[in-house]
Amino acid sequence: MTESLGFLLSDVSRLLRRRFDERARTSGASVAQWRVLKILSRSPGLNQGQLAEALEVEPITACRMIDRLEEAGFVERRRDPADRRAWRIHLTDKAAPVLDELHVLAADLIEETLQGFSTRQREELIAALEGLRANLTTVQEGNEAANG
């Protein structure tokens, strides 16, 4: 290979994020905000720390993102019934159309990205990436168990 796999994956990911961000700006959401909305749609009620971990950012950064999304009316903080000091983050009804629009933008971008790939090539690419993710997840979980 002329380029390392890690660099190639990182470069493709960066380019996808950039292109998506360009398109998403028309909806008023950044890639970072889209990621927050997407994560919360999959896992409603995360607290700020859990959300920061899922986003791989510092808790203060997640807090700022939540603040902006709350000001825009896309998320709300609700008290954690098990811990009065903590807040759970939930999507509002206003977030649904934005998520729908961003899903369409993402699907269009992926279609353009995969232009010229046959159905078989697309399926093989997805399977290969899922295999890489599974391998890395297994390695990470194994390391965490070994390190206690």
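Residues numbered from 1 in each chain as written. Predicted model: local features only at pLDDT ≥ 70, side-chain atom pairs only at ≥ 80, totals over all residues. Heavy atoms only, no water.

Looking at an unreviewed UniProt entry, the protein chain carries the name DNA-binding MarR family transcriptional regulator, with the source organism given as Sphingomonas leidyi.

In terms of regular secondary structure, the protein chain is built from six helices and three strands. Reading the helices (α) and strands (β) of the protein chain from amino to carboxyl end gives α-α-β-α-α-β-β-α-α. Split into buried and exposed, the 148 residues of the protein chain put 25% on the buried side. Counting only carbon and sulfur atoms, one obtains 53% of the accessible surface of the protein chain, whose full area is about 10300 Å². Separation of charge centres in the protein chain, based on 21 positive and 24 negative side chains, amounts to 4 Å. (Helix = DSSP H or I, 4+ residues; strand = E, 2+ residues; numbered from the N terminus. Buried < 20%, exposed > 50% of the residue type's maximum accessible area, 1.4 Å probe, protein only. Areas by Shrake-Rupley, 256 points an atom, 1.4 Å probe, with all protein chains shown as cover. Lys, Arg positive; Asp, Glu negative; His and termini not counted. Charge placed at Lys NZ, Arg CZ, Asp CG, Glu CD.)

Our next topic: the nonpolar core. In this structure, Phe20, Val36, Leu37, Leu40, Leu51, Val75 and Leu102 are the most contacted members of the largest nonpolar core, which totals 24 residues. Among the secondary structure elements, those contributing two or more residues to this core are helix 1 (5-24), helix 2 (31-42), helix 3 (48-55), helix 4 (59-71) and helix 5 (95-113). Setting aside its immediate chain neighbours within four residues, Leu37 contacts Leu69, Phe74, Val75, Leu91, Ala95, Val98 and Leu99. (Core = buried A, V, L, I, M, F, W, Y, C linked by side-chain atoms within 4.5 Å. Contact = heavy atoms within 4.5 Å.)

Compared with the 28 Å implied by 1.5 Å per residue over 20 residues, the 28 Å span of helix 1 between its first and last C-alpha is a close match. Burial in helix 1 covers these residues: Phe20, Asp21 and Ala24. Seen end-on, helix 1 carries its buried residues on one side only, within an arc spanning 100 degrees. Among the structural elements, helix 2 and helix 5 are those in contact with the buried residues of helix 1. (Expected span 1.5 Å × (residues − 1). Arc of directions from axis to C-beta.)

The subject of this paragraph is the packing of helix 2 against helix 3. Viewed as axis vectors pointing N to C, helix 2 and helix 3 meet at an angle of 115 degrees, and their least axial separation amounts to 11 Å. Considering the relative orientation of helix 2 and helix 3, their crossing is right-handed. For the pair formed by helix 2 and helix 3, the contact residues are Arg35, Val36, Ile39 and Leu40 on the first element and Leu51, Ala54 and Leu55 on the second. In terms of residue class, the contact of helix 2 with helix 3 is made up of six nonpolar, no polar and one charged. (Axes fitted to C-alpha atoms, helices over the stretch in contact; angles between N-to-C directions. Left-handed = near helix turned anticlockwise from the far one by under 90°. Nonpolar A, V, L, I, M, F, W, Y, C, P; charged D, E, K, R; others polar.)

As a further point, take the packing of aromatic side chains. Summed over the entire model, instances satisfying the criterion amount to one aromatic pair. Sitting above the plane of the Phe74 ring, Lys94 keeps its charged end 5.4 Å from the centroid. (Phe/Tyr/Trp six-rings, centres within 6.5 Å; stacked < 30°, edge-to-face > 60°. Lys NZ or Arg CZ within 6 Å of the ring centre and 35° of its normal.)

Before going further, it helps to examine the packing of helix 3 against helix 4. The N-to-C vectors of helix 3 and helix 4 enclose an angle of 105 degrees; their axes lie 8 Å apart at closest approach. By the criterion of interaxial angle, the relationship of helix 3 to helix 4 is roughly perpendicular. Between helix 3 and helix 4, the residues in contact are Gln48, Leu51, Ala52 and Leu55 and Pro59, Ala62, Cys63, Met65 and Ile66, respectively. Class assignment of the residues belonging to the contact of helix 3 with helix 4 gives a composition of eight nonpolar, one polar and no charged. (Parallel < 35°, antiparallel > 145°, perpendicular 65-115°, else oblique.)

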